[in-house]
Structure formats: structure tokens, C-alpha cells
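Read off the chains here:
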Amino acid sequence: MLSQKMADRLNHQINLEMYSSHLYLQMSCWCAYQSLDGCATFLSQHATEEMGHMHRLLQYLQETGALAILGGMEAPPTEFGSLIELFEKVYQHELVVTSKINDLVHLATTEPDYSTLQFLQWYVAEQHQEEFLFKGILDKIKLIGVEGQGMFLIDRELEKIAMTNGKEATSMTGTAAV
Ligand code: OFO
């Protein structure tokens, strides 16, 4: 059984994962509008992944007998100055998600709530993969540059990652989930 504080914090995380999905889907729409189809596919896939993260939390809350609460959320931004700005935002957003997961782990450790602590390990590993994935994409965009054919090459790179479902980006702890 979860403490009320833990249930509230997990529900807050449900909301954050849903926002992540909305944000990446909106970013995908922006890319499609700019004819960056590879980037659009990649981000749309990632939006679906985030809904999976949300469902995993929702199921855990239900298994413990707690009420899962979706809550409302603000609309994601619709305008991005450039592709670099967009992926900077993605990376910064993932850093925020990591800090929220770390806060949850801290709470589970101090309560202590060993069941939730174990449940959260999947998210700890996932955040490592996501930071690795998005930092890699950002570095690649900066390396290739957005001048001339740069945008075309970047879009093709993202399409390749989307086609392999992120399996091209592997780190010390396994394969990055896209
Ligand atoms: Fe992209 O992060 Fe969920 O957890």
C-alpha cells in the first residue's frame, strides 16, 4: 500500500509523462510542417513511448489499490526557432524528468517504500538511456550543422534512428528506447 504522499507524487509523474507525450507530438507536428519528415516520425514515435511510460505508472498505482489521477496540463509550445532549439528543449525536458524520477527514488528510499523503489529502477535506467539518446542527437545536429544540405542530412539521420526504433543509440546500460 502506498502512502498518500507517494500516491500524490506518482500521480504527478503520470501527468508529467503525459505532458512529455503532448510536447513531443506537438514537436513532431512542427517538424512535419517544416517538411522534416524523418524528425517528425522520430518524435511521433517518442510521443507514443511517453504514453507507455504513463501507462506503466498508472498500472502500478492501480495494482497498489491507489486511485490514478490524470489531471490537467498546459498546452505545449507550438513554435520553435530552429531544429537545434527544438532538440535543446527536448534534452532540457528530459533532464527535468530525470530530476523528478530522482526525487521519487529519494522519497521511496526515505519512507521507506521498497516496492516503489524497485518499480522506479526501470525509470532510472530509462532516463539514462534518454539523456544519452537526446544528447547524442543534439551533438550530431551541431556537428552536421543546419546550413546547406545539413537539414536534409539531419532529417535522414533521425529517420534512420526511427526505423531502427532507437537501436542505433546504445549506451553502457543497453539500448535507448525511442
Ligand atoms: Fe522521455 O521520459 Fe518518460 O520517463
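Residues numbered from 1 in each chain as written. Predicted model: local features only at pLDDT ≥ 70, side-chain atom pairs only at ≥ 80, totals over all residues. Heavy atoms only, no water.

Engineer: Tell me about the overall build of the chain, and name the residues and values.
Structural biologist: Of regular secondary structure, the chain possesses five helices and two strands. Sequence-ordered secondary structure for the chain, helices as α and strands as β, is α-α-α-α-α-β-β. Here the C-alpha radius of gyration of the chain, 17 Å, is about what a compact globule of 178 residues would show, namely 16 Å. A buried classification covers 46% of the 178 residues belonging to the chain. Considering only contacts in the chain between residues 6 or more positions apart, those separated by 24 or more positions represent 79%. For the chain, the accessible area works out to roughly 9,200 Å², and carbon and sulfur atoms hold 56% of it. Here the chain carries 11 positive and 23 negative side-chain charges, and the mean point of each set is 4 Å from the other. (Helix = DSSP H or I, 4+ residues; strand = E, 2+ residues; numbered from the N terminus. Rg over C-alpha atoms; globule rule 2.2 N^0.38 Å. Buried < 20%, exposed > 50% of the residue type's maximum accessible area, 1.4 Å probe, protein only. Contact = heavy atoms within 4.5 Å. Areas by Shrake-Rupley, 256 points an atom, 1.4 Å probe, with all protein chains shown as cover. Lys, Arg positive; Asp, Glu negative; His and termini not counted. Charge placed at Lys NZ, Arg CZ, Asp CG, Glu CD.)

Engineer: Give a detailed account of the side chain of His-53, specifying residues and quantitative values.
Structural biologist: Within the fold, His-53 resides in helix α2 (residues 37-63). Engagement of the side chain of His-53 in a polar contact is seen with the side chain of Glu-17, the distance being 3.5 Å. Beyond its immediate sequence surroundings of up to four residues, His-53 is in contact with Glu-17, Trp-122, Tyr-123, Glu-126 and Glu-130. (Polar contact = N/O pair within 3.5 Å; in protein donor to acceptor, adjacent residues only side chain to side chain.)

Engineer: Explain the packing of aromatic side chains to me, and be specific about the residues and the numbers.
Structural biologist: The full count for this structure, using the stated rule, is seven aromatic pairs. Measuring from centroid to centroid gives 6.2 Å for Tyr-24 and Phe-134, while their planes differ by 40°, and the two rings are tilted. A residue pair is termed long-range when its members are at least 10 positions apart, and Tyr-24 in helix α1 (residues 4-33) and Phe-134 in helix α4 (residues 114-144) qualify at 110 residues. Given a relative accessible area of 0%, Tyr-24 falls into the buried group. By relative accessible area, Phe-134 is classed as buried at 0%. Note that Arg-56 overlies the ring of Trp-122, its terminal NZ or CZ placed 3.8 Å from the centroid. (Phe/Tyr/Trp six-rings, centres within 6.5 Å; stacked < 30°, edge-to-face > 60°. Lys NZ or Arg CZ within 6 Å of the ring centre and 35° of its normal.)

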